[in-house]
Amino acid sequence: MSFVTTTDLKALLGISDTVDDTRLQLACDAAIQQVQAECNRQFTYDTTTSARVFAALSWGVVEVDDFGTTSGLTVKTDDDEDGVFETTWAATDYQLEPVNGRLSGQAWPYNRLRAIESRNWPINRGRALVEVTARWGWASVPNPVKQAGLIQASTLFKSAEAPLGVAGFGDIGIMRIRQAMHPTAAALLAPYRRDPVLVA
């Protein structure tokens, strides 16, 4: 699921024809990749479940990538470290966090599993011993993230008109296209940045 579309970008830029649709789509795709890299999150939402492995950093909690639903969720561990995830955990063996799927008053995907009922996650020097099968990504992308994506897509689209990064000349000299995230987009994304999750 794309959260930056050519329809929205064309509306932002006031474009009504289809001449630049290919370039607009490329800008949208690139902006989505930049936004996700900036935040170290997958905001696009997978259509099916898939398995990923993670290394628990404590006996009690394992941090995982964002997933938006418990439908199809399966949690397994490799307790004897043979590369086979033979132990399937019951839903009553762990608690999903953030609790209630909300953080700071807004809907938020799950990204941590806390072992409960005397259960512990297996640990071995950061080795990935936890396998989680889920539908990865955000079921609903926050509006600030969508807006940041549009701003970044607009910047990328317009950069084709700035040879060698020169966008024009102003009262104080040469105006150049930034090589990183647009500052407004970066500010909008700040609350959504996270540290990398330890995966194999």
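Residues numbered from 1 in each chain as written. Predicted model: local features only at pLDDT ≥ 70, side-chain atom pairs only at ≥ 80, totals over all residues. Heavy atoms only, no water.

Caption draft 1: Region of the structure containing the overall build of the protein. When helices and strands are tallied, the protein shows 4 helices and 11 strands. For the protein, the residues scored as buried account for 39% of the 200 residues in total. At a minimum sequence separation of 6, the contacts of the protein that also span at least 24 residues come to 71%. Carbon and sulfur atoms make up 51% of the accessible area of the protein, which totals about 11,000 Å². (Helix = DSSP H or I, 4+ residues; strand = E, 2+ residues; numbered from the N terminus. Buried < 20%, exposed > 50% of the residue type's maximum accessible area, 1.4 Å probe, protein only. Contact = heavy atoms within 4.5 Å. Areas by Shrake-Rupley, 256 points an atom, 1.4 Å probe, with all protein chains shown as cover.)

Caption draft 2: View of the packing of helix α1 (residues 6-13) against helix α3 (residues 143-159). Close contact between α1 and α3 brings their axes to 10 Å; oriented N to C, the two are set at 70°. With respect to their mutual orientation, α1 and α3 come out roughly perpendicular. When α1 is examined against α3, the residues D8, L9, L12 and L13 are found in contact with a partner set consisting of L150, A153, S154, F157 and K158. Its residues assigned to classes, the contact of α1 with α3 shows 6 nonpolar, 1 polar and 2 charged. (Axes fitted to C-alpha atoms, helices over the stretch in contact; angles between N-to-C directions. Parallel < 35°, antiparallel > 145°, perpendicular 65-115°, else oblique. Nonpolar A, V, L, I, M, F, W, Y, C, P; charged D, E, K, R; others polar.)

Caption draft 3: Representation of the sheet that holds strand β5 (residues 94-97). Taken together, the 3 strands give an open sheet; going across it, the order is β2-β8-β5, and neighbouring strands pair in antiparallel fashion. Two strands bound the open sheet, and with one partner strand each, they are β2 (61-67) and β5. Averaged over all pairs of adjacent strands, the angle between strand axes in this sheet comes to 25°, irrespective of strand direction. Here β2 pairs with strand β8 (residues 110-115) via 4 bridges, running antiparallel. (Pairing = 2+ DSSP bridges.)

Caption draft 4: Broad picture of the pattern of salt bridges. Overall, the coordinates contain 12 salt bridges when judged by the stated rule. The shortest N-O distance in the salt bridge between R119 and D93 comes to 3.0 Å. With R119 in the loop between β8 and β9 (130-134) and D93 in the loop between β4 (87-88) and β5, the pair connects residues that are 26 residues apart, well separated along the chain. You can call D93 buried: its relative accessible area is 13%. For E97, the salt bridge goes to R114, with nearest N and O atoms at 2.6 Å. Taken together, the residues span a long stretch of sequence, with E97 in strand β5 and R114 in strand β8 at a distance of 17 residues. Take R114: its relative accessible area is 31%, and that puts it in the partly exposed class. (Salt bridge = Lys/Arg side-chain N within 4 Å of Asp/Glu carboxyl O.)

Caption draft 5: Fine view of the sheet that holds β9. Pairing is antiparallel in the open sheet, where 4 strands are placed in the order β1-β9-β3-β4. Lying at the two open borders of the sheet, with one neighbouring strand each, are β1 (50-54) and β4. Two strands pair when backbone bridges link them, and β1 and β9 are joined in this way by 5 bridges, in the antiparallel orientation. Across the sheet, residue F54 finds its bridge partner in β9, namely V130.

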